[in-house]
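Breakdown of the fold
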Amino acid sequence: MTVKRVGIVGSGIMGAGIAETAAKAGFEVVLRSRRQETADATLAALEKSLAKQVERGKLSEEDRSATIARVTVTSDLADLAGVDLVIESVVEDLETKKHLFRELDRTVGDGAILATNTSTLPVVELAMETNRPGSVCGIHFFNPAPAMSLVEIVRPLTAAEETIAGARAFAIACGKDPVEVKDQAGFIVNHLLFPYLNNAVRLLEQGVASRDDIDTAMKGGCNFPMGPFALLDLVGLDTSLAILDALYTEFRDPHYAAVPLLRRMVTAGRLGRKSGEGFYEYHRK
Ligand SMILES: NC(=O)c1ccc[n+]([C@@H]2O[C@H](COP(=O)([O-])OP(=O)(O)OC[C@H]3O[C@@H](n4cnc5c(N)ncnc54)[C@H](O)[C@@H]3O)[C@@H](O)[C@H]2O)c1
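Below is a summary of the structure that appears in this document.

So, how was this worked out
Residues numbered from 1 in each chain as written. Predicted model: local features only at pLDDT ≥ 70, side-chain atom pairs only at ≥ 80, totals over all residues. Heavy atoms only, no water. Helix = DSSP H or I, 4+ residues; strand = E, 2+ residues; numbered from the N terminus. Buried < 20%, exposed > 50% of the residue type's maximum accessible area, 1.4 Å probe, protein only. Polar contact = N/O pair within 3.5 Å; in protein donor to acceptor, adjacent residues only side chain to side chain. Contact = heavy atoms within 4.5 Å. Near = heavy atom within 4 Å. Areas by Shrake-Rupley, 256 points an atom, 1.4 Å probe, with all protein chains shown as cover. Pairing = 2+ DSSP bridges. Axes fitted to C-alpha atoms, helices over the stretch in contact; angles between N-to-C directions.

For serine 33, the location among the structural elements is in the loop between β2 (28-32) and α2 (36-55). On the basis of relative accessible area, serine 33 is assigned to the buried category, the value being 3%. Looking at serine 33, its side chain comes within polar contact range of the side chain of serine 11, at 2.4 Å. Residues in contact with serine 33, not counting those within four places in the same chain, are Ser11, Thr38, Ala39, Thr74 and Ser75.

Written out as structure tokens, the structure reads:
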């Protein structure tokens, strides 16, 4: 099937980024937030971000106005009825996502692809909540979605060939480089990345080195663009903890058992950039 209209559910870091990516690529986008004020605020933030890109000469005025004209926001899931593809990007919690997939199955037209942007959760569990398991797959973008070139296309046991082909074609049309991966926790990137991030927190907790020295070491020694603590703050510590918990549930490997400091920081509301404080402090604009 050819995707023209895309529904995005969730307007957090990733939902907003995917909406921008898809709208810039020429897709009509309907973004759904639970509250209309949040939906409106997300549209205002997108307008601001696109205006800045015009100022910096990265986007033409014509493309800015065409992109904004392709986006509508709503708090009503029923407004997604006519889309060809839905990408769910709500909180990394299996029960929340299962509930949402049951609702999407009832609301969105037959034949549409229902995709999840989950970082680790089993996609097949979401597929089996619907009456169209063949039309469900993972389309996993990276943060920040407009800038990162990778998309992991996750193939659950239940997915039909045309679903995977449609998801891949969509990612390519968004200017991304898709890779395909089995429906196993962490897929490729997070399977390899999160033991490293978790071990960085362990080193800090053990007092082996300071936050700044660990970040400096991994940038200078491995040529990484940012150190592990800056990256954890960017991803969000709550999302990072949910990813580690899902990996541990799947594999029972101690490398995936979240270091207590990470869990304590989430409990304390230190979620990284999005809350203004994580391993670093951020000044709100
Ligand atoms: N942060 C990252 O780097 C990253 C990267 C790739 C994928 N992801 C995945 O994207 C998804 C969203 O993550 P994010 O980083 O945008 O998180 P976020 O915290 O920025 O946003 C979460 C969104 O979920 C909504 N939400 C919370 N509880 C809900 C509920 N009960 N019902 C419906 N909506 C609810 C929130 O209102 C918000 O819009 C997760 O599945 C995450 O694993 C995150």
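Having put the structure on the table, let's press on.
Taken together, 20 residues are adjacent to the ligand, and Glu92, Lys97, Ser119, Val235 and Lys274 come closest. For the ligand, a nitrogen atom lies 2.8 Å from a polar atom in the backbone of valine 235. Contacts to the ligand include lysine 274, whose side-chain N or O atom sits 2.8 Å from an oxygen atom. Within the complex, 81% of the 840 Å² of free accessible area of the ligand lies under protein.

Spatial strand order, β3-β2-β1-β4-β5-β6-β7-β8: 8 strands in an open sheet with mixed pairing. Across the chains shown, the open sheet's two edge strands, defined by having one partner strand only, are β3 (71-74) and β8 (177-182). With strand direction ignored, the average angle separating the axes of adjacent strands in the sheet is 25°. Looking at chain direction, strand β6 (residues 136-141) and strand β7 (residues 150-155) are connected through 4 bridges and run antiparallel. Looking across to β7, one finds that phenylalanine 141 is bridged to valine 151. Set on the sheet, helix α4 (residues 94-107) makes contact with β1 (5-9), β4 (85-88), β5 (113-116) and β6; between it and β5 the angle comes to about 165°.

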